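Inside the fold
As a plain string of letters, each chain reads:
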Amino acid sequence: MAGACTSDQSDANLPETVRFNEHIRPILSNKCFACHGPDSGTREAGLRLDQRESATAERAGYDYPAIIPGSSGRSVLIERISEDDPARRMPPPPREGAADPSKALSVSEIALLEEWIDQGAEWEGHWAYERLRRPAVPDVQTETEPKSKVDSFILARLKEAGLGFSNPAEDPALFRRLHLDLTGLPPTLHDLDQLAEEGLEATYAAWVERLLDSPRYGERMAIWWLDLVRYADTNGYHSDVHRRIWPYRDYVINAFNENKPFDQFTREQIAGDLLPNRSREQLVASGFNRLGQITKEGGAQPKEYLAKYAADRVRTVGTAWLGSTIGCAECHDHKFDPFSMEDFYGMAAFFADIKEKGVYENDGDVYPELTLASLEPEKAMRQNSRMDELQDRLLLMRRLGRPETVSREEWAEQVRSLEEAIDSTAPRTLVSVAVEPRPIRILPRGNWQSDAGPRVAPVTPAFLGGTGQISGIASRLDLADWLVSSKNPVTARVFVNRLWKLFFGVGLSRTLDDLGSQGSWPTHPDLLDWLAVEFIESGWDVKHVVRQIVLSETYRQTSVPTEESLREDPDNSKYSRQNRFRVSSEMVRDIILATSGLLSERIGGPSVQPYQPADYWKEINTFGVEGPGSKWVDSNAEDQYRRGLYTYWKRSFLHPSLMAFDAPSRQECSADRPISNTPVQALALLNDPSYVEAARVLAAQLLLAQELSDQERIDLAYRRALSRQPRDQETAKLMELLESQLTRFQGDEQAAFELLRVGNRPIPREVEVTTLAAWTTVGRAILNLHEIVTRY
């Protein structure tokens, strides 16, 4: 066996009971399923190790089956993975020069397989695809009753490791955590004063309800959903020009604020246009089907791009609702999970009724849009009349083209102003319009040019429990109903796993976009299933599940680890403490603007354009299409200070600050943003005009409080920025910085003026320039602290 191993790990610490899903499936999936798994196209020797019947069957040419339950010594699988001869060893070594890493099994992996076989080789269906049942809540003996059923599941695991909960976080830290997690914003000074007066223990549940009722909650929750559905303000591909879709974003915000049941949320997005007595809101929601990229490229092939749009929708629904990589079945059966090509194209067929074109030309093609006129008849008539007039003017301008006497920049600004006037009169948004479904065929190897594959009807993956008996051809509404039906065990698991991630930085299963064989086994599978059943039985009530989590003692723990916690739970997979993690890019902006007092409280409306480098879009070629997506014009007045999720989202040129803090381009569905730590982020916090201006405005407000000493001003700045008082050494360092900057700017008043000219907000006349510049530098230092962008 030594020749077959890549590790000298001891097998002395084998689990008492080796379970297929938890211990064996990950090994087989990583090392064996590519050749002996679900994909019939690459299956070797007709052997499937994901199915008991195949793995234990008699095999020609061998004395014994691959696996003989109860006898690892006679099982051919163990013989082949332990083989000293490289020519016979399984998995085979990588081809010479191949980039693929070796898949040879380690000593501990072989030992696990041997022990599993000796224990009887019990197969299990994959955990995420098993029928949902409510697990019993563990009966955990503690001095005080657990605050939440969530705590009972966590404590049971902790006690097995000889651990307990860490101390609760201190009130200011927990208070800030709760505000950031539920609203995406830090507590205000008024909130902190209430905390100091009332304490948090007795008022905690009331604060949870207050924050869940805040309109800021919907904005915070919308961010991760917009990543999943790949919401953007431009078309993607090629010239990446402007599209009208922002009312969909506002629909998502309102849905979370209203606590719209998730099953209804699902139906409205996938099939809002098919609902009986559909409302205007439901039509706006159907814009989900129009969020993918589209092309206007002159030489593009319409048939090719219709295939791309169909595949994108399948991948998006598969990731957003099913937590699966069904996209892998576009060209072949999935290599690790039971998705077939028939499943992939059957899902694509649900969306074949959407009115669309493969290629949208630059000549004013009309997209299916909804005009959001007023609900008041008289006002609606005035709006529509005014809009018709503006649209006629815009159409005439496009037909006649740019006059030679008008520069390209002036022409772009005229077109943009007209577009904005139309939007402000009666906004329009992309919606779904159903037509006769086009035929969908299985594309051999994903080849869009081939019509050789069989035609398929709309159908859901059979292994997940199909849609059942439907009269006629299944529709998108049937798909939506199935996604949130009791037959489908995946959707609720996927959703609550992502909710958990919002409040702990990681999911109970850490691979948010893949709950299949290649994904992570949940750290607490019974808790995940309990939350999923609770979610469904509550009527798909999102806020109910959020309460279950944030009211728990598990959530309220300190994120400061003890030595014992670090030793026994180094990766915190047992949740012996809270996690600390960097906030999203939008929240970075929101926290800083809120700290300065600049943040606008306006909700919804067209996307805005915060400051960005003037030449950032200079390489853009929109091929004559003018409008917001072709030229960046900094927003004015209140629009300059809107929350991050309202920033104009151009897929090919994402706003630099959003990109620096790992926001996705949204060219594809994104379930989990990476978290990087780079020098660019510190430079963005220090030099982005939005943050320089925020530091200046904060400094001005500190100086206008003339009754305060410099030390008291630093105290106030810390309370606003970090929700706590500064430590003595922090105050001392900032006082040194203030003195040095006063000396610097008193000797170089021009440098002070250069710093203070950044941003639109006027400088108060009562404030002396060099003093304001020095305090602005202090503000920039505070806003650059790691603690500003970290949730503790």
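1. Details of the overall build of the protein
Counting secondary structure elements, the protein contains 31 helices and six strands. Here the C-alpha coordinates of the protein stretch approximately 95 × 70 × 55 Å along the principal axes. Looking at the protein residue by residue over its 792 residues, the buried ones come to 56%. Of the side-chain charges in the protein, 93 are positive and 119 negative, and the distance between the mean point of each set is 4 Å.

2. Observations concerning empty space enclosed by the protein
Per the stated rule, a full pass over the model turns up five cavities of 30 Å³ or more. If you add up the space inside the largest cavity, you get close to 420 Å³. Arg220, Lys501, Leu502, Ser584 and Arg673 are the residues nearest the centre of the largest cavity, which is lined by 26 residues in total. Of all the secondary structure elements, the ones that give two or more residues to the lining of the largest cavity are helix H7 (171-183), helix H10 (215-228), helix H19 (491-504) and strand E5 (581-582). Looking at the lining of the largest cavity, the element that brings in the most residues is H10, giving five residues. For the lining of the largest cavity, the residue count by class is 13 nonpolar, three polar and ten charged.

3. Side note on the environment of Cys669
The topology assignment puts Cys669 in the loop between helix H25 (656-660) and helix H26 (679-687). Residues Cys669 and Asn572, 97 residues apart in the sequence, show an inter-C-alpha distance of 28 Å. Residues within four places of Cys669 in sequence aside, it is in contact with Asp227, Leu228, Arg230, Thr316, Thr319 and Ala320.

4. So, helix H28 (residues 710-722)
Under the 1.5 Å per step criterion, the end-to-end length of H28 is 18 Å for 13 residues, consistent within 8% with the ideal 18 Å. Within H28, burial applies to Arg713, Ile714, Ala717, Tyr718, Arg720, Ala721 and Leu722. Angular distribution of buried residues about the axis of H28 spans 165°; they occupy a single face of the element. At its buried positions, H28 is contacted by H7, helix H8 (189-198), helix H24 (585-596), helix H27 (689-704), helix H29 (728-747) and helix H31 (769-783). Among the residues trailing H28, Ser723 stands out with phi positive, at a value near 65°.

5. Focus: the domain arrangement of the protein
For the protein, the assigned domains read domain 1 (20-125), domain 2 (385-425) and domain 3 (687-791). Relative placement of domain 1 and domain 3: their C-alpha centres are 64 Å apart.

6. Thoughts on the nonpolar core
Among the nonpolar cores identified, the biggest contains 118 residues, and Trp225, Tyr248, Phe262, Leu499, Trp500 and Val542 are the most heavily contacted of them. Sorting elements by how many residues they give to this core places H19 first, with nine residues. Leaving out residues up to four positions away in the same chain, Leu499 has contacts with Met221, Trp224, Val542, Val545, Val546 and Ile549. In terms of nonpolar packing, the next biggest core, distinct from the first, is built from 49 residues, Val583, Leu698, Ala699 and Leu703 among them.

7. A look at the pattern of salt bridges
Applying the stated criterion across every chain yields a total of 44 salt bridges. A salt bridge links Glu356 to Arg438, with the shortest nitrogen-to-oxygen separation between them at 3.6 Å. Taken together, the residues span a long stretch of sequence, with Glu356 in the loop between helix H15 (341-349) and strand E1 (369-371) and Arg438 in the loop between strand E2 (428-430) and strand E3 (440-441) at a distance of 82 residues. We classify Glu356 as buried; its relative accessible area is 16%. Note on Arg438: relative accessible area 22%, which makes it partly exposed. Among the ionic pairs, Arg757 bridges to Glu754, the shortest N-O distance being 3.4 Å.

8. Here's the deal with the packing of aromatic side chains
Applying the stated criterion across every chain yields a total of 36 aromatic pairs. With a centroid separation of 5.5 Å and an interplanar angle of 40°, the aromatic rings of Phe20 and Trp116 are classed as tilted. With Phe20 in helix H1 (residues 20-31) and Trp116 in helix H5 (residues 107-118), this pair connects stretches of sequence that are 96 residues apart. Across the pair, Trp116 and Phe20 agree in class, each one buried. Ring geometry for Trp617 against Trp632: centres 5.3 Å apart, planes inclined by 80°, an arrangement best described as edge-to-face. Pair noted here: Trp617 is in the loop between H24 and H25 and Trp632 is in the loop between H24 and H25, with a separation of 15 residues, a long-range link. If you follow Arg177 out to its NZ or CZ, it ends over the ring of Tyr555, 5.7 Å from the centre. Above the ring of Trp617, the side-chain terminus of Lys650 is found at 5.1 Å from the ring centroid.

9. Quick notes on the side chain of Arg713
Structurally, Arg713 can be placed in helix H28. With relative accessibility at 9%, the residue Arg713 sits in the buried group. For Arg713, the contacting residues outside a window of four places in its chain are Leu702, Leu703, Ala705, Gln706, Leu708 and Trp775.

10. Observations concerning the confidence of the model for the protein
Of the residues in the protein, 93% have a pLDDT of 70 or more, and the chain-wide mean is 90. Low pLDDT, under 50, characterises residues 1-10; the stretch is placed with 26 contacts to residues that sit more than four places away or in other chains.

11. Quick look at the packing of H7 against H10
At their nearest, the axes of H7 and H10 sit 6 Å apart, and the two run at 70° to each other. Looking at the two axes, H7 sits roughly perpendicular to H10. Counted together, Leu180, Asp181, Leu182 and Thr183 of H7 and Arg216, Tyr217 and Arg220 of H10 form the full contact between these two elements. For the contact of H7 with H10, the per-class residue count stands at three nonpolar, one polar and three charged.

12. What to know about the packing of H28 against H29
Interhelical geometry of H28 versus H29 gives an angle of 115° and a closest axis separation of 10 Å. With respect to the hand of their crossing, H28 and H29 are arranged in right-handed fashion. Contact residues: H28 offers Asp710, Gln711, Ile714, Asp715 and Tyr718, while H29 offers Glu730, Thr731, Leu734, Met735 and Leu738. Of the residues assigned to the contact of H28 with H29, the class counts are five nonpolar, two polar and three charged.

13. Details of unusual backbone geometry
A cis amide bond, omega -10°, links Met90 with the succeeding residue Pro91. Mapped onto the elements, Pro91 comes out in the loop between helix H4 (76-81) and H5. Positioned with a positive phi, Arg230 is a non-glycine residue whose angle comes to about 50°. Here Arg230 is to be found in the loop between H10 and helix H11 (246-257).

14. Section: the state of the cysteines
Using the criterion set out here, one finds zero disulfides in the structure. Sulfur of Cys331: no disulfide; nearest cysteine sulfur belongs to Cys328 and is 9.6 Å away. Not part of a disulfide, Cys669 finds its nearest cysteine sulfur in Cys328, a span of 13 Å.

15. With respect to the environment of Asn636
Mapping Asn636 onto the fold places it in the loop between H24 and H25. Sequence separation between Asn636 and Gln609 is 27 residues; the distance between their C-alpha atoms is 8.7 Å.

16. Quick notes on the environment of Arg131
The residue Arg131 is located in the loop between H5 and helix H6 (149-160) in this model. Take Arg131: its relative accessible area is 62%, and that puts it in the exposed class. Separated by 356 residues in the primary sequence, Arg131 and Lys487 have C-alpha atoms spaced 7.9 Å apart. Look past the residues within four positions of Arg131 in its chain and what remains in contact with it is Pro489 and Arg493.

17. Notes on helix H20 (residues 525-537)
Here H20 spans 18 Å end to end across 13 residues, near enough to the 18 Å set by a 1.5 Å rise per residue. Along H20, the residues classified as buried are Leu527, Leu528, Asp529, Trp530, Leu531, Ala532, Val533, Glu534 and Phe535. Buried positions along H20 lie against H6, helix H12 (262-271), H19 and helix H21 (542-550). Just downstream of H20 lies Gly539, where phi reads positive at about 85°.

Cut-offs used in this document
- Residues numbered from 1 in each chain as written.
- Predicted model: local features only at pLDDT ≥ 70, side-chain atom pairs only at ≥ 80, totals over all residues.
- Heavy atoms only, no water.
- Helix = DSSP H or I, 4+ residues; strand = E, 2+ residues; numbered from the N terminus.
- Buried < 20%, exposed > 50% of the residue type's maximum accessible area, 1.4 Å probe, protein only.
- Lys, Arg positive; Asp, Glu negative; His and termini not counted.
- Charge placed at Lys NZ, Arg CZ, Asp CG, Glu CD.
- 1 Å grid on protein atoms, 1.4 Å probe; cavity = no way out; pocket = protein on both sides within 12 Å on 5 of 7 lines; lining within 4 Å.
- Points joined across faces, edges and corners; volume = space filled by probe spheres on them.
- Nonpolar A, V, L, I, M, F, W, Y, C, P; charged D, E, K, R; others polar.
- Contact = heavy atoms within 4.5 Å.
- Expected span 1.5 Å × (residues − 1).
- Arc of directions from axis to C-beta.
- Domains from an automatic or database assignment.
- Core = buried A, V, L, I, M, F, W, Y, C linked by side-chain atoms within 4.5 Å.
- Salt bridge = Lys/Arg side-chain N within 4 Å of Asp/Glu carboxyl O.
- Phe/Tyr/Trp six-rings, centres within 6.5 Å; stacked < 30°, edge-to-face > 60°.
- Lys NZ or Arg CZ within 6 Å of the ring centre and 35° of its normal.
- pLDDT = per-residue confidence, 0-100.
- Axes fitted to C-alpha atoms, helices over the stretch in contact; angles between N-to-C directions.
- Parallel < 35°, antiparallel > 145°, perpendicular 65-115°, else oblique.
- Left-handed = near helix turned anticlockwise from the far one by under 90°.
- Disulfide = S-S within 2.5 Å.

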